[in-house]
Structure formats: structure tokens, C-alpha cells
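Understanding the architecture of this molecule
This is what each chain is made of:
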Amino acid sequence: MRHEGEVRVSWNRAELTAIREAIEVTPNFIGRLDAREVLRLALKSPRHKPVEFERTLAETLANRIVPIDQQTAMARAKLLMAVRGPKKRPGFQPPRPVLTAVPSVSAAA
């Protein structure tokens, strides 16, 4: 069960390393030490499981990370998707199938 103040992100090992390095070169921000600690524990864990952040920390981290390579960009995109949710296209409705009646063939010809 997911709590309202919690965000889970599934990153692979390369993305975890890229985010850790990006945090190291990012200027100081509130929650930087907490984010470093969460990532340190995630990298030490023997199994790959989703990384859990508090929502405010996840929002701050997503806004501060500068994508400098592909892994960082993908990790940031996954974090933004987890924080904001998937984009919804307004007004888009898939076309509905049109059902038509098949004319009956009469045998009296």
C-alpha cells in the first residue's frame, strides 16, 4: 500500500549511479543529504527494489537534477513520472467502433 506522502521509483543500477553522481555535482538544496542517504542505501541493497522517497524530497530532487547523460535523463524522467503521474492528453478519445446492420438477403428472387 502506498502512502500519500511517498513516491516509489524503479531505477536500474546504472540510473542509480547516474543520479548519485548528479547529486554530487548539484549545488546544495534542502534535502540533499537525505537524498544522498536514500540513494546510498539503495545502492547497498543486494536486491533491486523500488527506491522510496518522501513526496516533497522527490519533487525537490526532480527539479534540481540536471540531465547530463542518457542514464540521468531517464532516471529524472522516471522520477518526474512518479511524482506528477502520467501525462493526460486533454480531449483525446479513441475512436469508437461503428456497428452497422447487415442487410438480410431474401430468398424470393
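Right, let's walk through the structure included here. No experiment lies behind these values; they were computed from the predicted model shown. (Residues numbered from 1 in each chain as written. Predicted model: local features only at pLDDT ≥ 70, side-chain atom pairs only at ≥ 80, totals over all residues. Heavy atoms only, no water.)

Topic: the overall build of the protein chain
Secondary structure assignment for the protein chain yields four helices and two strands. Along the protein chain, helices (α) and strands (β) appear in the sequence β-α-α-β-α-α when read from the amino end. Out of the 109 residues belonging to the protein chain, those deemed buried represent 30%. Counting only contacts in the protein chain whose residues sit at least 6 apart along the sequence, the fraction spanning at least 24 positions is 69%. (Helix = DSSP H or I, 4+ residues; strand = E, 2+ residues; numbered from the N terminus. Buried < 20%, exposed > 50% of the residue type's maximum accessible area, 1.4 Å probe, protein only. Contact = heavy atoms within 4.5 Å.)

A short note on the pattern of salt bridges
This structure, assessed with the given rule, holds five salt bridges. Put simply, E15 and K78 hold a salt bridge, and the shortest N to O gap is 3.0 Å. Of this pair, E15 sits in helix α1 (residues 13-25) while K78 sits in helix α4 (residues 70-84), and the two are 63 residues apart along the sequence. Its salt-bridge partner being R36, residue E24 comes within 3.1 Å of it at the nearest N-O pair. Of this pair, E24 sits in helix α1 while R36 sits in helix α2 (residues 32-44); the two residues are 12 residues apart in sequence, bridging distant segments of the chain. Owing to a relative accessible area of 40%, E24 belongs among the partly exposed residues under this scheme. In this structure R36 comes out as partly exposed when scored by relative accessible area, which is 34%. Overlapping salt bridges bring together E6, R8 and E52 as one network. (Salt bridge = Lys/Arg side-chain N within 4 Å of Asp/Glu carboxyl O.)

Let's talk about the nonpolar core
Core analysis: the biggest nonpolar cluster contains 24 residues, and W11, F53, L61 and L79 have the highest contact counts within it. Counting residues per element, the ones that place at least two in this core are β1 (6-9), α1, α2, β2 (51-54), α3 (55-64) and α4. Ranked by residue count, the leading element in this core is α4, at five residues. Excluding residues within four positions of it along the chain, W11 makes contact with L16, I19, L39, H48, V51, F53, A75, K78 and L79. (Core = buried A, V, L, I, M, F, W, Y, C linked by side-chain atoms within 4.5 Å.)

Considerations on the environment of N63
Turning to its location among the elements, N63 is positioned in helix α3. By relative accessible area, N63 is classed as exposed at 52%.

Don't take any of this as a statement about function, it's just geometry.
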